[in-house]
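Chain and residue survey
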Amino acid sequence: MKKIRLSINWKKVFRFSLRVCIVLGFLASVGFTEHRRNVMPCAEIVIDVDDSLGNNFVNQQDIRQIIKDKFGNLIGQPITSINISLLEKIIDGNPFVLKAQVFSTVDGKLKVEVKQRTPLVRVINAFNESFYIDDCGVLMPVSSEFSAHVPVANGNIFNRETEQRIRRVTAREISDSTFYPTLLEKIFMVSDYVHSHDFWNAQIEQIFINASGEIELIPRVGNQTILFGDEKEIDIKFNKLYAFYKEGLSKTGWNQYKTINLTFKDQVVCSK
């Protein structure tokens, strides 16, 4: 009876065994890391408030106080026991906060990143209530700690802060004869245009609503009142005004006219 010799490729066996050891080592490492993470205490709360746009409605101490009021002292508590999604939701509830992101790091730190809202205009209504409208069309309260350098809208405004939010509309909707924006939406549309153009952002300091419900603009330079009319053709009206500034007032002087009327088609009508 013949004997059968088995030929074993020890190199393949070694490579296979090495792979198995690597996989088992990796799984063990992951398990150890996960166990370590489950019991790891919160070592530090790191808060970053974005103030790159010059807004200082909230600071690190404000956010730290919000966390303390709702969760107590988180230092020393297991990282995994902290309800991160709830914490984000609570911080998002601050009227000056646009978005909060909360996450933990492998070394036990709880990181909180906060982006503030950007106001476009401050409204002072007929009831002497004061509030902001931000670039998302959300109404914000004023702050006792910080005042934003934005145009002020006042005059015959009877809308209240409780409206909370206004619509962001397209140019097509504005030109639609069946579209009737609220007064705050008109103010928002003009303010949004002003904010998005550096020249007008530096030039327009007040939006006044007259007794007829029309928009008047008060510039920083010059003593004239700019009759803007309604919210239609905003870009065309500002382009006409810019051309008049460049070709007219730059030659006659900024205080030559008392009123600049932009409501007429293809022309600017002035009165001394």
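Our structure is the block above this text.
Read on for a plain summary of the structure. Not measured: the values here are computed from a predicted model.

The next subject is the nonpolar core. Counting 34 residues, the largest nonpolar core has Leu184, Val190, Leu217 and Phe238 as its most contacted members. Counting only elements with at least two residues in this core, the list comes to strand 4 (119-124), strand 5 (130-134), helix 5 (183-195), strand 8 (204-209), strand 9 (215-219), strand 10 (225-229) and helix 7 (234-252). The element that contributes the greatest number of residues to this core is helix 5, accounting for eight residues. Apart from the residues lying within four places of it in its own chain, the contact partners of Phe238 are Val190, Tyr193, Val194, Trp200, Leu217 and Phe228. Counting residues in hydrophobic clusters, the runner-up holds 26 residues, among them Cys42, Ile79, Val97 and Tyr132.

A word on the pattern of salt bridges. Tallied over the entire structure, the rule returns seven salt bridges. A salt bridge links Glu129 to Arg160, with the shortest nitrogen-to-oxygen separation between them at 2.6 Å. Highlighted residues: Glu129 in the loop between strand 4 and strand 5 and Arg160 in the loop between strand 7 (152-155) and helix 4 (171-175), separated in sequence by 31 residues. Here Arg160 falls in the partly exposed class, since its relative accessible area comes to 36%. The shortest N-O distance in the salt bridge between Lys237 and Asp230 comes to 3.1 Å. Each of Lys186, Glu231 and Lys232 takes part in a single network of salt bridges with overlapping partners.

Pairing is mixed in the open sheet, where nine strands are placed in the order 6-5-4-7-8-9-10-11-12. Pairing within the sheet leaves two strands with one partner each, and these edge strands are strand 6 (139-141) and strand 12 (269-271). Pairs of neighbouring strands in the sheet enclose a mean axial angle of 25°, with direction left out of account. Taken together, the three bridges between strand 10 and strand 11 (residues 259-261) define a ladder with parallel strand orientation. The residue bridging Ile226 from the neighbouring strand is Ile260, located in strand 11.

The next point concerns unusual backbone geometry. Its identity as a non-glycine residue notwithstanding, Asn128 has a phi of 65°, on the positive side. Taking the relative accessible area as the measure of exposure, Asn128 reaches 65% and is therefore exposed. Phi at Asp266 is positive, roughly 60°, even though this residue is not glycine. Examined against the element boundaries, Asp266 turns out to sit in the loop between strand 11 and strand 12. With relative accessibility at 66%, the residue Asp266 sits in the exposed group.

Basis of the calculations
- Residues numbered from 1 in each chain as written.
- Predicted model: local features only at pLDDT ≥ 70, side-chain atom pairs only at ≥ 80, totals over all residues.
- Heavy atoms only, no water.
- Core = buried A, V, L, I, M, F, W, Y, C linked by side-chain atoms within 4.5 Å.
- Buried < 20%, exposed > 50% of the residue type's maximum accessible area, 1.4 Å probe, protein only.
- Helix = DSSP H or I, 4+ residues; strand = E, 2+ residues; numbered from the N terminus.
- Contact = heavy atoms within 4.5 Å.
- Salt bridge = Lys/Arg side-chain N within 4 Å of Asp/Glu carboxyl O.
- Pairing = 2+ DSSP bridges.
- Axes fitted to C-alpha atoms, helices over the stretch in contact; angles between N-to-C directions.

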